[in-house]
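Residues per chain are reported as follows:
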Amino acid sequence: MGLKGPEPRFIIGNMGQMTKKGFHACFKEWEKEYGKVYGVYRAKQPSIVIHDPDMLREIMVKQFAAFPNRQSSKIADVKPWRSTLQFLMDDHWRHVRNTLSPGFSTGKLKHMLPVIQRCCRNLVKHVQQKAEKGEDVDTKVLSNAFSMDVTAGTGFGMEVCCLQNPEEPFGVVANQILYPPQWVFTLHFLFPFLSPVLHTLGISIAPKKPIQYMFDIISAAIKERRQDNKDYKDHLQTLVDAQRQKTDDTPVDPEIDHRDDLKTSSTWNRKGLTEDEIYANSLNFLLAGYENTASGIAFLLYNLAGSPHCLRKLQDEVDAALGKDEVDYRVVSDMPYLEMCLNETLRLYPPGLMLDRTCIADTEIKTLHVPKGMLITIPVYSVHTDPTNWPDPLKFDPERHTSEARATRHPFSFMPFGIGPRNCIGMRMSQLEVKMAVACIVQKFSPFLCEQSVFPAKVSTHVRLGPEEKMWIKFKPRA
Ligand code: HEM
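Residues numbered from 1 in each chain as written. Predicted model: local features only at pLDDT ≥ 70, side-chain atom pairs only at ≥ 80, totals over all residues. Heavy atoms only, no water.

### Brief notes about the overall build of the chain
Helix and strand content of the chain: 20 helices and nine strands. For the chain, the C-alpha radius of gyration of 22 Å lies close to 23 Å, the compact-globule estimate for 479 residues. If you line up the chain on its principal axes, its C-alpha atoms span 65 × 60 × 45 Å. When the 479 residues of the chain are sorted by exposure, 57% land in the buried category. (Helix = DSSP H or I, 4+ residues; strand = E, 2+ residues; numbered from the N terminus. Rg over C-alpha atoms; globule rule 2.2 N^0.38 Å. Buried < 20%, exposed > 50% of the residue type's maximum accessible area, 1.4 Å probe, protein only.)

### Comments concerning the nonpolar core
Within the largest apolar cluster, 124 residues are counted, with the highest numbers of intra-cluster contacts made by Met214 and Val438. Beyond its immediate chain neighbours, meaning those up to four positions away, methionine 214 contacts Phe156, Phe170, Val173, Ala174, Ile177, Leu283 and Leu286. Within the second largest apolar cluster, 21 residues are counted, among which are Ile50, Met55, Leu355 and Ile419. (Core = buried A, V, L, I, M, F, W, Y, C linked by side-chain atoms within 4.5 Å. Contact = heavy atoms within 4.5 Å.)

### Some details on the site of the ligand
Of all residues adjacent to the ligand, which total 25 residues, the nearest are Arg70, Trp93, Arg97, Arg357 and Cys424. With respect to the ligand, the backbone of leucine 85 contributes an N or O atom lying 3.4 Å from an oxygen atom. If you list the elements that add at least two residues to the shell around the ligand, you get helix H4 (90-100), helix H14 (275-306) and strand E4 (355-358). If one sorts the elements of the shell around the ligand by residue count, H14 sits on top with six residues. For the shell around the ligand, a count of residues per class yields twelve nonpolar, nine polar and four charged. (Near = heavy atom within 4 Å. Polar contact = N/O pair within 3.5 Å; in protein donor to acceptor, adjacent residues only side chain to side chain. Nonpolar A, V, L, I, M, F, W, Y, C, P; charged D, E, K, R; others polar.)

### What about the pairing of E4?
Moving residue by residue along a regular strand, the side chains alternate between the two faces of the sheet. Covered by surrounding structure in E4 are Leu355 and Arg357 together with Asp356 and Thr358, the residues of both alternating faces. Bridge analysis of E4 against strand E7 (residues 375-378) gives four bridges, and the strand direction is antiparallel. Looking at the pairing, aspartate 356 lines up with threonine 377 of E7. (Pairing = 2+ DSSP bridges.)

### Side note on helix H7 (residues 139-156)
For H7, spanning 18 residues, the distance from its first C-alpha to its last is 25 Å, which sits close to the expected 26 Å at 1.5 Å a residue. Buried residues dominate H7, accounting for 17 of its 18 residues. Of the residues trailing H7, glycine 157 is marked for its positive phi of about 65°. (Expected span 1.5 Å × (residues − 1).)

### Description of the sheet that holds strand E1 (residues 37-42)
Whether parallel or antiparallel, the strands of a sheet pair through hydrogen bonds between backbone atoms. In spatial order, the strands read E1-E2-E7-E4; together these four strands make up an open sheet with mixed pairing. With one partner strand each, in any of the chains shown, E1 and E4 form the two edges of the open sheet. This sheet shows a mean twist of 30° between the axes of neighbouring strands, independent of strand direction. Here strand E2 (residues 45-50) pairs with E7 via three bridges, running parallel. If you follow valine 49 over to E7, its bridge partner there is threonine 377. Of the strands in this sheet, E1, E2 and E7 touch helix H2 (residues 23-34), which is tilted by about 135° from E1. (Axes fitted to C-alpha atoms, helices over the stretch in contact; angles between N-to-C directions.)

### Some remarks on the packing of helix H17 (residues 336-348) against helix H20 (residues 427-444)
Close contact between H17 and H20 brings their axes to 11 Å; oriented N to C, the two are set at 110°. As judged from the angle between their axes, H17 and H20 are roughly perpendicular. Of the two elements, H17 crosses H20, and the hand of that crossing is right-handed. Counting all contacts with H17, which are made through Leu338, Glu339 and Leu342, the residues of H20 involved are Gln431, Val434, Lys435, Val438 and Ala439. Here the contact of H17 with H20 is composed, by residue class, of five nonpolar, one polar and two charged. (Parallel < 35°, antiparallel > 145°, perpendicular 65-115°, else oblique. Left-handed = near helix turned anticlockwise from the far one by under 90°.)

### Quick notes on the pattern of salt bridges
Evaluated as defined, the whole model comprises 21 salt bridges. Linking glutamate 135 and lysine 130 is a salt bridge whose minimum nitrogen-to-oxygen distance equals 2.9 Å. We classify lysine 130 as partly exposed; its relative accessible area is 23%. Because the salt bridges share partners, they merge into one network encompassing Glu31, Lys36 and Asp386. (Salt bridge = Lys/Arg side-chain N within 4 Å of Asp/Glu carboxyl O.)

### Side note on the environment of histidine 126
On the secondary structure map, histidine 126 appears in helix H6 (residues 113-133). Here the alpha-carbon distance between histidine 126 and isoleucine 378, two residues 252 residues apart in the chain, equals 39 Å. Among all residues touching histidine 126, those that are not within four sequence positions of it are Leu142, Leu163 and Gln164.

### Re the sheet that holds strand E3 (residues 137-138)
Pairing is antiparallel in the open sheet, where three strands are placed in the order E3-E9-E8. Looking at strand neighbours, the two that pair on one side only are E3 and strand E8 (445-449), the edges of this open sheet. The pairing of E3 with strand E9 (residues 472-477) spans two bridges and is classified as antiparallel. Note on E9: the bridge partner recorded for aspartate 138 is tryptophan 472. With respect to the sheet, H6 is in contact with E3, E8 and E9, its orientation differing from that of E8 by roughly 55°.

### Observations concerning the environment of asparagine 423
In this fold, asparagine 423 is placed in the loop between helix H19 (403-407) and H20. If sequence neighbours within four positions are ignored, asparagine 423 has contacts with Arg97, Phe417 and Gly418.

### Some thoughts on the UniProt feature "binding site: heme" (unreviewed entry) in the chain
When the UniProt feature table is mapped to this numbering, "binding site: heme" (unreviewed entry) covers Cys424. Relative to the helices and strands, cysteine 424 is located in the loop between H19 and H20. Apart from the residues within four sequence positions on either side, cysteine 424 is in contact with Arg97 and Phe417. (UniProt positions renumbered as here; feature names shortened; annotations may be inferred.)

Structural data, given as structure tokens:
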């Protein structure tokens, strides 16, 4: 590569250090040692790590045409993951992204409010029981169950309550898909070139039986929708509608401004979605949405429990906006401080702590030559805790996110949902979900730290940033 960087090991490159010390810790350490641009080996794959926000703007937005794809991964080259938005490439990705985007517009999200409100009522009931018994609650377990209920409702048209029934089959099977045994995951991660063989041997990150269980649910729901004329408003319906499309000129989401980058080339002539794409992307809402959203809720509740002055300020805002009303879309329109608390949580605990882009044509980024085929690594956690943009970076301080403070900062110093045409398609959906969950809780209860709490939360060494230990809190009903 001709760049400085940590010494790679045979076959595994720098993956050993990253999995042992933690991805977030390694990038911080290497930035100190090698600067804002250096080289690493992700197993045998060389990659340029870029911390510089100006260069990230070039890659993620300005020169997007040269960086439209993520890493081409043999790990994910297995049914159904290969047909999901995350792993699709070039025109195929553009086509599916354009087709799915309208399902995430503000208008569509408002239609999903009743599902989220039902889950919020169950959440409040559950917290009430815990508060009455004075029990400690692990915020991650609580948030996982809530997020699973919302995912089942909005993605699969199912009404489940994992909060009251942790053995709910939908939740149990979903967890089997999401969390293959650690050794299976590690094997694929360290030796991606062996993935095709491992998949054939059944040592797969796409376990057959649980996936078939989910496909049967999706299939039954689709059949029902084709037979009746009910007006369904969830993600599954967006996918069903997409299959019926006659033309390929679906309007892209009017709220994003990357239309040119999302135009397919003239040689692309596929229409609608295939059966495979529908099933894969329906299941993908689980893969991409459930855990990240749960993580946002869990860390936000924990931070509020550990920062009573922020909690009070948020409760004042929620009381002023909602009074005793049920939580609704006002969490988005009337609660700027809630947004600031969420942003600060995602700054410190971005679930996607590392993003990537593959270069598809020789390109110059400032003075750096990036050859075709090179993988770019974007160390989100390091960018979010760079003291140049974030003084006293590890302090939880929502005031960093006022519009005045934002205007003084580099726009590419904060990217919990990625940035540009390839950003998170579920961003508004997940923000709505996290805000509704947290607002309905703090409207009625005050979370606080208990004897078992370790605050601030330690983060795990895993490739997805999560809590290292349980995040215990208690709830007190508000007067
Ligand atoms: C707090 C919650 C969430 C966080 C922090 C989050 C974060 C992210 C990030 C960092 C990316 C990669 C962006 C990039 O490469 O620039 C991503 C992609 C994606 N997310 Fe999310 N996400 C969340 C919730 C959701 C939800 C609820 C859904 C769906 C219902 C979803 C669906 C997706 C999909 C499909 C992609 C791939 C998009 C593409 O390649 O076009 N996410 N997300």
